[in-house]
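Okay, here's what each chain looks like letter by letter:
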Amino acid sequence: MSALDAAGVTLAATEGEVEGINLFIPAAYDIIWSAVVLAVIALMFKMILPKFTAILDERTAKIEGGLHKAEAAQAEADAVLAEYKAQLTEARTEAARIREEARTEAGQIVAEARTKASEESARILETAQRQIEAERQQAATSLKNDVGTLATQLASKIVGESLEDAARQSRVVDRFLDELEASSMTTAPKGK
Amino acid sequence: MTLFAATGEDGGFHPPSIAEFFPSAIFFEGTAFEFNRIMLVRVVAAAVLIALFVLAARKAKLVPGRGQNIAEMGLDFVRVSIAEEILGHNARRYVPLLTTLFFAILAFNITGIIPFLNIAGTSLIGLPILMALWVYVVYLASGIQKFGLFGYLKTNLFPPGVPWFLYVLITPIEILQVFVFRPVTLALRLTANMIAGHLLLVLCFGATHFFFFEATGALKAMGVVSLAAGFGFTLFEILVAVLQAYVFTLLAAVYISMAVEEEH
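Residues numbered from 1 in each chain as written. Chains lettered and ligands numbered in written order. Predicted model: local features only at pLDDT ≥ 70, side-chain atom pairs only at ≥ 80, totals over all residues. Heavy atoms only, no water.

1. A few points about the overall build of chain B
Each helix and strand in chain B was counted, giving six helices and two strands. For chain B, the α and β elements follow one another from N to C terminus as β-β-α-α-α-α-α-α. Scored against the burial criterion, the 264 residues of chain B give a buried share of 47%. (Helix = DSSP H or I, 4+ residues; strand = E, 2+ residues; numbered from the N terminus. Buried < 20%, exposed > 50% of the residue type's maximum accessible area, 1.4 Å probe, protein only.)

2. Describing the interface of chain A and chain B
Listed by partner, the interface residues are 43 residues for chain A and 61 residues for chain B. Summed over both sides, the interface between chain A and chain B buries roughly 4700 Å², with carbon and sulfur atoms accounting for 79% of that surface. On the chain A side of the interface with chain B, the three residues burying the most area are A:Leu23, A:Tyr29 and A:Trp33, jointly 15% of the side's total. Inspection of the chain A/chain B interface yields two salt bridges. The closest approach of N and O atoms between B:Arg42 and A:Asp30, which form a salt bridge, is 2.8 Å. On inspection of chain A and its partner chain B, the count reaches 11 residue pairs in polar contact (both at pLDDT 80 or more). Elements represented by at least two residues in the side of chain A that touches chain B include exactly helix H1 (2-15) and helix H2 (28-159) of chain A. With 26 residues, H2(A) is the largest single contributor of residues to the side of chain A that touches chain B. Residue composition of the side of chain A that touches chain B, by class: 30 nonpolar, five polar and eight charged. (Contact = heavy atoms within 4.5 Å. Buried area = accessible area lost by both parts, 1.4 Å probe. Salt bridge = Lys/Arg side-chain N within 4 Å of Asp/Glu carboxyl O. Polar contact = N/O pair within 3.5 Å; in protein donor to acceptor, adjacent residues only side chain to side chain. Nonpolar A, V, L, I, M, F, W, Y, C, P; charged D, E, K, R; others polar.)

3. Observations concerning the UniProt feature "transmembrane region" (unreviewed entry) in chain B
Residues and elements named next belong to chain B. UniProt feature "transmembrane region" (unreviewed entry): in the numbering of this structure it lies at residues 39-57, 94-117, 124-144, 164-181, 193-213 and 233-256. What you have in residues 164-181 is 83% helix and 0% strand, and the ends, taken at the C-alpha atoms, are 24 Å apart. Annotation note: span residues 233-256, helix share 100%, strand share 0%, distance between end C-alpha atoms 34 Å. (UniProt positions renumbered as here; feature names shortened; annotations may be inferred.)

4. Things to note about the pattern of salt bridges
For the coordinates displayed, the defined rule picks out 10 salt bridges over all chains. Residue A:Arg97 pairs with A:Glu101 through a salt bridge whose shortest N-O separation is 2.7 Å. Linking A:Arg97 with A:Glu101, this pair stays in helix H2, spanning four residues, or about one helical turn. For B:Arg79, the salt bridge identified is with B:Glu84, shortest N-O distance 3.3 Å. When salt bridges with common partners are traced through the structure, they connect A:Glu94, A:Arg97 and A:Glu101 into a single cluster.

5. A short note on the nonpolar core
It is characteristic of soluble globular proteins that their nonpolar side chains tend to be buried jointly. Residues A:Phe45, B:Phe53, B:Tyr139 and B:Phe248 are the most contacted members of the largest nonpolar core, which totals 59 residues. Looking at this core, the elements that each hand over two or more residues are H2 of chain A together with helix H1 (37-58), helix H2 (66-87), helix H3 (91-110), helix H4 (126-157), helix H5 (167-213) and helix H6 (219-260) of chain B. The greatest single-element share of this core, amounting to 12 residues, is contributed by H3(B). If sequence neighbours within four positions are ignored, B:Phe248 has contacts with B:Leu101, B:Ile105, B:Pro128, B:Met131, B:Ala132, B:Val135, B:Leu186, B:Ala187 and B:Leu190. Membership of the second largest hydrophobic core comes to 14 residues, among which are B:Ile18, B:Met39, B:Leu117 and B:Ile119. (Core = buried A, V, L, I, M, F, W, Y, C linked by side-chain atoms within 4.5 Å.)

6. A word on H3(B)
Between its terminal C-alpha atoms H3(B) stretches 27 Å, which fits the 28 Å expected from 20 residues at 1.5 Å a residue. Taking the largest bend as the criterion, H3(B) deviates by roughly 30°, centred on B:Leu97. (Expected span 1.5 Å × (residues − 1). Bend = angle between axes of the 7 residues up to and from the residue.)

7. Examining the environment of A:Ile31
Within the fold, A:Ile31 resides in helix H2. In this structure A:Ile31 comes out as partly exposed when scored by relative accessible area, which is 26%. Excluding residues that lie within four positions of it along the chain, A:Ile31 makes contacts with A:Pro26, B:Gly126 and B:Leu130.

8. Comments concerning the UniProt feature "transmembrane region" (unreviewed entry) in chain A
UniProt records the feature "transmembrane region" (unreviewed entry) for residues 31-49 of chain A in the present numbering. Helix makes up 100% of residues 31-49 of chain A and strand 0%. Its end C-alpha atoms lie 26 Å apart.

This is the structure in structure tokens:
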């Protein structure tokens, strides 16, 4: 640097003062070399700017593509979610329906079973009652006969008189029993 | 920065002079192709600028590396903050022009503070004039291409919405604006800034050299002050270098926009 500077200063010293206006009047060599460097720089930018522009455009496209892809994926995910939710709702409805049906059916079954059981029990009760009634009548008849025989034997023993006349005997016994029945009927509600 | 080292022989402090902008020739002395120190600085600046961008472009990928990121940031600044901001949808055509202007001016300005180069390539008026002329031709051509010669002159010299009698006042001003002031101020602003910056730095560092090596006693201490000032102005020159590149490019965009837009 010092060599160049020294040269510059020597020039200034030898040539003396340069007119100030020269600063603003270009020399021919100044213009020519300016044109050369400026042209080279302009050419350089003319050549590299399209490359940068292309890269910029490509980047924009890539980013946009990525955004589109993400959007599509999001939409797909939304659709799947909606479908899943719909299926879930459907399944829930189905389950509720089945449960309701089962409940109704169970109710029916219980009601049916109850009806059947009560019918069965009524039938059994009736049979039993009828049987009891039959047995009671049988017992009553048997008792009536036994009582008649016993009473007759007892009476004949007591009276000492043989009541051989069957008709009379029977009449006496019947009368006795009727009285007995009548008296037991009138006293039964009180006695019981 | 030791521009005045050579003058030490005869002693004393030599203030910076405009002779520094006319160094002696290296090649082709006396011809139209005379190549001197400032031309060399320009070539170096251009070479570095081109090397940086070509390197960034060559390795350019979809996913940018560090260098490509920086290059893209710079290019985006011009494209978005200047071209698209000012020119809107017309911007695309002018992006190469504005990009070239911005980075060329920045590269040629910044050489003013780079050690061993130490002078701005734009401090010699030829380059700013050439760039201003380029802008001038482009905005005139764009305007005429869009509106035709008469249409362009009519919209620019007789702005609509102004009472007709004011044209007496406005039209001469507009003629001077469009055809003289705009290109001239573009070139002058840039060169004057760079010349002033260079002279300031030379003054500071020349004084520092004088104070440290030639002055005696308490005056030596003054060297610290002038050195600090030189440091401060170096930082300031970085700002000016960027700012002037921005201003030149921004105004170029504004002038083009004024030429091609329907309304002002």
